[in-house]
Each structure stands twice: as C-alpha cells, then as structure tokens.
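Topology and contacts: notes
Here's the letter readout for the chains.
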Amino acid sequence: MATVGQWIEGARPRTLPNAIAPVLVGNGAAFALGGFDPTRGVLTLVVALALIIGVNFANDYSDGIRGTDAQRVGPLRLVGSGAARPRLVRTVAFGCFGLALASGLVLVAVSGLWWLLAVGLACVAGAWFYTGGSRPYGYAGFGEIAVFVFFGLIGVLGTQYVQAGRVTLAGIAVAVAVGAFSSAVLVANNLRDIPTDQKVGKRTLAVLLGDGRTRLLYQALVAVPLLVSIAVAAIGDQPLASLGLVAALLLFQPVRRIRSGAGGLALIPVLRDTGLAMLLWAVVTGVALAVH
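Presented here is an overview of the structure given in this document. (Residues numbered from 1 in each chain as written. Predicted model: local features only at pLDDT ≥ 70, side-chain atom pairs only at ≥ 80, totals over all residues. Heavy atoms only, no water.)

On a plain count of helices and strands, the protein chain comes out with 13 helices and zero strands. Taken from N to C terminus, the helices and strands of the protein chain fall in the order α-α-α-α-α-α-α-α-α-α-α-α-α. Since a compact globule built from 292 residues should have a radius of gyration of about 19 Å, the 18 Å found for the protein chain is in line with a globular shape. Across its three principal directions, the C-alpha atoms of the protein chain cover 50 × 45 × 30 Å. Taking all 292 residues of the protein chain together, the buried fraction comes to 52%. Sequence separation of 24 or more characterises 75% of the internal contacts of the protein chain that already satisfy a separation of 6 or more. (Helix = DSSP H or I, 4+ residues; strand = E, 2+ residues; numbered from the N terminus. Rg over C-alpha atoms; globule rule 2.2 N^0.38 Å. Buried < 20%, exposed > 50% of the residue type's maximum accessible area, 1.4 Å probe, protein only. Contact = heavy atoms within 4.5 Å.)

Below, the structure is given as structure tokens:
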C-alpha cells in the first residue's frame, strides 16, 4: 500500500503552478474590468487544481498499465512502481474529475453561464484522453497544444469571463503567455523522457522533433511571457505589466541547463524552476493588471 508521502508525490505538486497561474492572471484581468468576485475566483481555482491533480493521477494510471513508466527517470509513479493498485489510482483520478465538475457546476449556477458546462466537460475529456483511451493524443505529439489551450487560453480567459462577462486584448495576451509557460514545462518533461518514450512507442512532440529542436522550442516558449510583458506594458498602456520581466531571473538557470545539453535527472530542476517562474510571473502580472 502506498504511503501518504507517495500519494502526494503521485499528485505531482510541482505541476500545481500550471493550475494556479492562469487563475491568478485571470483574476487580475477580471479585477481590471471591475468584475472580480472572490467566490467565483475561489471556485475557478478549485476547478483548476482538481483538474491538474486528476490528470496527473490519470496519466499515472494510463501510463502505468501500458508499461510506459517501467523504466521511468523522473519522480515516482504509483502504478508503474507498483506502490498502488491501478484501479485505486484510476478511482482517485475520477474523484478529482468529479470534484472539478461539481465545483464547475456551482460556478455555472452562480454565474448563470450554463453553456460553460460544455467547456468543463471538454476539459475533463481532454484530461482523461491525454494518455487514456485507445488512442491517447499525448502519445501523438498533441500534449503541448492541449496544455496551451486548457491551462492557458481556457484557464485565463475562462476565469476573466466568468467574473467580468467579457474578455480583453490584455486578457488574451496574458492567456497566451501562461499557455506558453505551461507548454514549456511539458516540453522540458518530455525532453527528459525522450529515450524511454522512444522505447515504448510514445511519440510525444519531443520525440517527433528530436533533442535539439525540442531544446530550441523550450527557449522560444519561455521567451513568450517576457515579450508579452513588454507588449502589454507598451501597447496595452499598462506599464506595471513590465514588472513581469522579473521572472527572467528564475529562468536563467533552466535555460542554461537546456542550452548545455543536460538530460535525464539533470532536467528535473528545469521543470521546477520553470513552474516557479510561471508562478512569479502570474503573481506580478495579475497584480499589475488589477491595480491599473
């Protein structure tokens, strides 16, 4: 039986910035329109956290039963390591999805935006079929696109819209930035796993691009939020948004590792530092949008 510590590790807490960042920025964008609502803000955060923890356990289950994690380099996987039974891990994943749907239902009821139920169902389906089902899209190189859409565009703009009733150009810009950050985290993860994924036939975008081009992609993605900070400050007439450039301080080391050709376990800090940079950028940018 898996320990509490193993279950926590299985939830992959280092990925939580991917869920927290879009809500922080979306709340700031909503506040800028005078539409911030604490209750709706908290509900969107619950939905985002439940979804990302659910997808982490779902990936653990699906990759585990396929044998993808048999020679894993990264953090512990419950099913692949034999620490927990596959059925139990799947049940926990579905429980998280259920929590996300229940919180989303309350959010829809409070806002009156019932059509958002379809968006919520699409998010849950995207979470499960990333590695689940007979033809998981995460095994065909579409993982980064899905992360960009779900934890970037939908996460940020959904948070802004459900509170303010509309989205703005600044909201779209910062949604693109958060999506790029989230995709960069996944790119780093898949870069680390290229050798083992190739062996089991998992064709992630990193496998399809190869090591060199994947490293270039990571560097391009982490540059996007910094460019967005400059653009929103200059074109969007929100000078405080330029403070988001402080995230570059946390990106120096991961970019250096990527450029140096680091691989395997040496790439784990890249995931951590990229997530922290994303969180810092989201906090600073969210506040900048709110106080404008």
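Turning to the side chain of Arg 215, a few remarks are in order. Looking at the element boundaries, Arg 215 is found in helix α11 (residues 211-234). Within polar-contact distance, the side chain of Arg 215 engages the backbone oxygen of Gly 261 at 3.3 Å. Sequence-distant contacts of Arg 215, defined by excluding residues within four places in its chain, comprise Leu 191, Arg 257, Ile 258, Gly 261, Ala 262 and Gly 263. (Polar contact = N/O pair within 3.5 Å; in protein donor to acceptor, adjacent residues only side chain to side chain.)

Taken together, the side chains of Leu 24, Leu 240, Leu 243, Val 283, Val 287 and Val 291 present a nonpolar region at the surface, about 490 Å² in accessible area. Within the secondary structure, Val 283 sits in helix α13 (residues 268-291). Residue Val 283 is classed as partly exposed on the basis of its relative accessible area, which comes to 40%. (Patch = residues over 30% accessible without salt bridge, like charges linked within 9 Å, V, L, I, M, F, W, Y side chains within 5 Å. Areas by Shrake-Rupley, 256 points an atom, 1.4 Å probe, with all protein chains shown as cover. Salt bridge = Lys/Arg side-chain N within 4 Å of Asp/Glu carboxyl O.)

Such coordinate-based values are descriptive only and should not be taken to indicate function.
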